Amino acid sequence: MLARTGEDSPPIERTAFVQKSSEPPPIEKIGALRWMRQNLFSSPFNSALSLVTIGLVVYWGVGFIKWGILDAVWYTPDHEVCRAAAGACWAVIAEKHRPMLFGVYPYAEHWRLIIALVVYLSTVTATLTPYCWKRSILIPLWTVSLAVTGVMLWGGVFGLTYVDSAQWGGLPLTMVLFTGTVVIGFPIAILLALGRRSQLPAVKAVSVTLIESMRGVPLITILFVAVNVFPLFLPEGLEIDKMLRVVVGMAIFFACYQAEVIRGGLQAIPRGQYEAAEALGLGYWRMMVKIILPQALRICLPGIVNHIIAALKNTSFVLIIGLFDILTATTAVMQDPLWRRFFVEAYLFVAAVYFIFCFALSKYSQRVELWLNEGRRF
Amino acid sequence: MAAFEASRKSDTSIFNSLAFRGVVYQVLLAVGVVLLGWYLYYNTNANLERQGIATGFDFLGERAGFSIGESLIPFDSANSYGRALVVGIFNTLYVAAFGIVLATILGVFMGIARVSTNWLISKLASGYVEVCRNVPVVLHVIFWASVIRMLPPPREALSPFAGFFITNRGVIYPIPVESPVYPWVGAALVAGIVLATLFARWASRRREQTGQYVPSFLPGLGIVLGLPLLTWLAGGAPIDWSVPALRGFNFQGGASLTPEFVGLLVGITIYTGAFIAEIVRAGIQSVPHGQIEAARAVGLRPGLVMRLVILPQALRVIVPPTTSQYLSLTKNSSLGVLIGYPDLVNVGNTTLNQTGQALEAIAIMMTVYLMISLTISLFMNVYNRLVAIRER
């Protein structure tokens, strides 16, 4: 007997399988008390530690807030008002911010530096956004922005007064030194790293000697060489701008540290990648540029950014040889006998400037690492 | 056929041989380096001759004519430039040695604090690390040097402990009055360390051979501390201290650290400490948690888990980058030139300005730093080999 379906059994419901959107795992509801028990008072030792630390934080925190905010003098052209106050004298920054930020650059021309800084910083910000990572955007962007920055800094055209690079100062000089160091240093670093991994003994020897001797000496001595010794190396009558010498010195110093980081990345590339590239008939440079370096630089990105941050901090070494970057300018300003006792506020301000740039760079590099590692976990 | 022959010939042409091209590149590079060197040498000689500067290291024997604020060996302005530079080298090593010890203590402490389960402690430690790492070391040094200059004068000195004073003339602290016993106590301490090391080695070898556990940590500590103590007692236990006391405008007695030394030391210690803290944190976190659980599961006590399981594995990650931090601390001690601490660069700079012998003075500085760097890396490499994985 045939099973009769259709007439007396109920019709089969044909419903499409609808996938529900996946839900996040349930959030464990943690009350403030429970959180404190877990994170602050998990054991007798931890409780004691927390109590002592909370005490100290409150004590110092209240002191700091009183000093820095409640009792502080925010604006006054009169140093006597600051002297009388119990708290911080932020007025020193309001009073002296021009020489601190722009050094010995002619006072009437400071607006040019502001334009240069705005153009430069927006270019850098644009470069750091993935949307702009195209040759068609980056090349014109940088050409225009470097041209504008250069015109603003030097002047001499369009009716702007010419300002010699010896008069540059403050934050713009810091940025110039930093950009010069990284832009000149990075290609040298790649060449040195490749040289150190080269199978040609002479190339390897030259790279190793340069890298190791640069890494063994303080940056100060390199700057002394750039300022005191390098002029002796040149034939009579030929002179190179002091700032350029300093930038090249810092760039070579930066390159030698960066080369070691890149070498680490190169070493991490499996042998098979080289062999596969050779098997395809790629020559040395094409193999390096198309196959090896993109992978190697990606691997050692954190190290690269660390040394770029170090390069930014190292620009402050020019204090020793008398270029007026932001720190030198501030130190010079703080020689003013009327205001010198408020150096803590001034240095905190400079420290905050450096901190903002360095911290932003390091946070940014962590995000780039995430982007680069999307879809690959190694 | 002829064409084929021709193409074969061009394929095997000597210019297509990698080996030949390698030789050509290297010869070109070598010739380039030699030519550059010769060119620089020639220019330098011509320039020096034109400016009438004598070359050579004869100036080292001349009278320096300047005095140095602090020195580990006797020095006055009648001594030679050579001796002044030696004073500078000792001062560099002195501040670097203190800095390395203090930065290690600070860094290890902060690194452990960063991985603490205590939220407050770990946040405070990471605040310290982030702030101090992202501010240039030059600023650290100048800042702390200025802070010390603004401290109260000796009459209103800060005194955190009795007999210990912080003033704008530096830090003044009590020391034991010199006595012939102390060199022997020092010798006993060294002997104690050697004996304790030998004993620990013997104990671990015995444990490996027989399985018998001989406690070595406490007895070792006993030897290291007890031997000097016994020597001190045997020497008649001299207990006189030279305690600083205010006489007129300054302190008499005790010993002192100069404000320049303290400023430089605090600056480079706080800066390098932040980097070491990061390294220590990464090292501790690199040990897989399973290792710790496994160690607990086989019944090791917490102290032993740390000593036998976590530390040996973490050190492997920690030691190499810490070496480069020690090197950079030593090189950063050259910032003494900024605040008047008479380190090698400072003395070298004075010499350079007085004699005009820029080339020689800078060459001396660079050579000395290179040698210091190489020595530190040598020691740390040996230590690294001790803690590295022993693959069988």
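Residues numbered from 1 in each chain as written. Chains lettered and ligands numbered in written order. Predicted model: local features only at pLDDT ≥ 70, side-chain atom pairs only at ≥ 80, totals over all residues.

Draft legend 1. Local environment of the overall build of chain A. Within chain A, the secondary structure is distributed over 15 helices and zero strands. The C-alpha radius of gyration of chain A comes to 30 Å, more than 25% above the 21 Å expected for a compact globule of 378 residues. By principal-axis analysis of the C-alpha atoms, chain A measures approximately 115 × 70 × 55 Å. Burial analysis of chain A (378 residues in total) assigns 31% to the buried set. (Helix = DSSP H or I, 4+ residues; strand = E, 2+ residues; numbered from the N terminus. Rg over C-alpha atoms; globule rule 2.2 N^0.38 Å. Buried ≥ 20, exposed ≤ 12 C-beta atoms within 10 Å, placed from the backbone.)

Draft legend 2. Layout of the sheet that holds strand β1 (residues 158-161) of chain B. All names here are of chain B. Across the sheet, four strands lie side by side as β1-β2-β3-β8; this open sheet has antiparallel pairing. Pairing within the sheet leaves two strands with one partner each, and these edge strands are β1 and β8 (255-257). The average undirected angle you get between the axes of adjacent strands in this sheet is 25°. Strand direction decides the pairing type here: strand β3 (residues 170-173) and β8, joined by three bridges, are antiparallel. Paired with I172 across the bridge in β8 is S256. (Pairing = 2+ DSSP bridges. Axes fitted to C-alpha atoms, helices over the stretch in contact; angles between N-to-C directions.)

Draft legend 3. Local environment of the nonpolar core. Ranked by size, the top nonpolar core spans 150 residues in total, and within it A346(A) and V141(B) carry the most contacts. Apart from residues no more than four positions distant in its own chain, A346(A) is found in contact with V92(A), I93(A), K96(A), M100(A), T330(A), V333(A) and M334(A). (Core = buried A, V, L, I, M, F, W, Y, C linked by C-beta atoms within 7 Å. Contact = placed C-beta atoms within 7 Å.)

Draft legend 4. Structural context of the interface of chain A and chain B. Between chain A and chain B, the contact holds 43 residues from the first and 45 residues from the second. At the level of secondary structure, the elements contributing two or more residues to the side of chain A that touches chain B comprise α2 (44-70), α8 (201-215), α9 (219-233), α14 (326-333) and α15 (343-373) of chain A. The residue inventory of the side of chain A that touches chain B, partitioned by class, reads 29 nonpolar, eleven polar and three charged. (Nonpolar A, V, L, I, M, F, W, Y, C, P; charged D, E, K, R; others polar.)

Draft legend 5. Expanded view of the pairing of strand β2 (residues 164-167) of chain B. All names here are of chain B. Alternating positions in β2 separate cleanly, F165 and T167 being buried on one face and F164 and I166 remaining unburied on the opposite face. Where β1 and β2 come together, two bridges link them in antiparallel fashion. Paired with F161 across the strands is F164, a residue of β2. Between β1 and β2, which follow one another and run antiparallel, lie two residues, and G163 among them has a positive phi close to 85°. The antiparallel hairpin formed by β2 and β3 contains two residues in its connecting segment.

Draft legend 6. Representation of the domain arrangement of chain B within the structure. Split into domains, chain B comes out as domain 1 (81-177 + 240-387) and domain 2 (178-239). Using only C-alpha atoms to locate each centre, domain 1 of chain B and domain 2 of chain B end up separated by 28 Å. (Domains from an automatic or database assignment.)

Draft legend 7. Main features of the environment of V298(B). In this fold, V298(B) is placed in the loop between α9 (289-297) and α10 (302-332). Each C-alpha atom of the pair V298(B) and V171(B) lies 50 Å from the other, and the pair is 127 residues apart in sequence.

Draft legend 8. Layout of the packing of helix α3 (residues 81-114) of chain B against helix α4 (residues 119-133) of chain B. Residue and element names in this part refer to chain B. Taken N-terminus to C-terminus, the directions of α3 and α4 make an angle of 130°; their axes are 7 Å apart at the nearest point. The orientation of α3 with respect to α4, classified from their angle, is oblique. Crossing handedness for the pair α3 and α4: left-handed. Facing α3, whose interface residues are M110, A113 and R114, α4 presents I121, S122, A125, S126, Y128 and V129. Residues that form the contact of α3 with α4 fall into these classes: six nonpolar, two polar and one charged. (Parallel < 35°, antiparallel > 145°, perpendicular 65-115°, else oblique. Left-handed = near helix turned anticlockwise from the far one by under 90°.)

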